[in-house]
Amino acid sequence: RLAGAYLMVQQYEQAVPLFESIHPLVRKRFGPNHENTIDTLGNLGQAYLRAKQPEKGLLAIREFITGQRELLAKQPAALGQVLVDTSRMLLETGQP
């Protein structure tokens, strides 16, 4: 929760190490394809991008999108919203 709070108040440099430590724990507990794991990965990617670490951020976002496509395969409207939100965030952070 603290990592998410840092993200919300635009303290990206503080959010990154917390999400870096949280993501492997969530992945181990729930597995790589679980919603919580994928959401944490998306938050990590966003934190990286907003903290001016685009290489790491884009890798995490690509994995996040792949995971969301699998999770939301039967929910096209929800997947579309995830893609729109992700695209908006990429534009805000100056990514192609």
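Scroll up a little and you will see the structure.
Residues numbered from 1 in each chain as written. Predicted model: local features only at pLDDT ≥ 70, side-chain atom pairs only at ≥ 80, totals over all residues. Heavy atoms only, no water.

**Describing the pattern of salt bridges**
Here is step 1: This structure, assessed with the given rule, holds three salt bridges.
Here is step 2: The partner of E63 in a salt bridge is R27, with the nearest N and O atoms 3.2 Å apart. Here R27 lies in helix α2 (residues 12–30) and E63 lies in helix α4 (residues 54–71), a separation of 36 residues in the sequence.
Here is step 3: Given a relative accessible area of 39%, E63 falls into the partly exposed group.
Here is step 4: Between R88 and D85 there is a salt bridge; the shortest N-O distance is 3.4 Å. One end of the pair, R88, and the other, D85, are both in helix α5 (residues 76–92), three residues apart, so they sit about a helical turn from each other.
Here is step 5: Residue D85 is classed as partly exposed on the basis of its relative accessible area, which comes to 37%. (Salt bridge = Lys/Arg side-chain N within 4 Å of Asp/Glu carboxyl O. Helix = DSSP H or I, 4+ residues; strand = E, 2+ residues; numbered from the N terminus. Buried < 20%, exposed > 50% of the residue type's maximum accessible area, 1.4 Å probe, protein only.)

**Some words on the packing of helix α3 (residues 35–50) against α5**
Here is step 1: Between α3 and α5, whose axes approach to 10 Å, the crossing angle comes to 20 degrees. Here α5 runs roughly parallel to α3, going by the angle between their axes. Crossing handedness for the pair α3 and α5: left-handed. From α3, Q46, L49 and R50 reach across to α5, where they touch M89, L90 and E92.
Here is step 2: Tallied by class, residues from the contact of α3 with α5 come to three nonpolar, one polar and two charged. (Axes fitted to C-alpha atoms, helices over the stretch in contact; angles between N-to-C directions. Parallel < 35°, antiparallel > 145°, perpendicular 65-115°, else oblique. Left-handed = near helix turned anticlockwise from the far one by under 90°. Contact = heavy atoms within 4.5 Å. Nonpolar A, V, L, I, M, F, W, Y, C, P; charged D, E, K, R; others polar.)

**Examining α5**
Here is step 1: For α5, which comprises 17 residues, the first-to-last C-alpha distance of 24 Å matches the rise-based estimate of 24 Å (1.5 Å per residue) to within 8%.
Here is step 2: Here α5 has its buried residues at L79, V82, T86, M89 and L90. All buried residues of α5 project into a common sector of 100 degrees when viewed along the axis, lining one side. When the buried face of α5 is taken as reference, the exposed residues oriented beyond 90 degrees from it are P76, A77, L91 and E92.
Here is step 3: Looking at the residues trailing α5, positive phi occurs at G94, about 75 degrees. (Expected span 1.5 Å × (residues − 1). Arc of directions from axis to C-beta.)

**Observations regarding α3**
Here is step 1: Relative to the 22 Å expected for 16 residues at 1.5 Å per residue, α3 spans 22 Å between its end C-alpha atoms, a close match to the ideal helical length.
Here is step 2: Taken together, the buried positions of α3 are T37, I38, T40, L41, G42, L44, G45, A47, Y48, L49 and R50.
Here is step 3: Looking at the buried positions of α3, the neighbouring elements they touch are α1 (2–8), α2, α4 and α5.
Here is step 4: Phi turns positive one or two residues past the end of α3, at K52, with a value near 65 degrees.

**A few points about the nonpolar core**
Here is step 1: Among the nonpolar cores identified, the biggest contains 12 residues, and these are I38, L41, L49, A60, I61, F64, I65, L72, L79, V82, M89 and L90.
Here is step 2: Broken down by secondary-structure element, the contributors of at least two residues to this core are α3, α4 and α5. (Core = buried A, V, L, I, M, F, W, Y, C linked by side-chain atoms within 4.5 Å.)

Any link to function would need more than the numbers given here.
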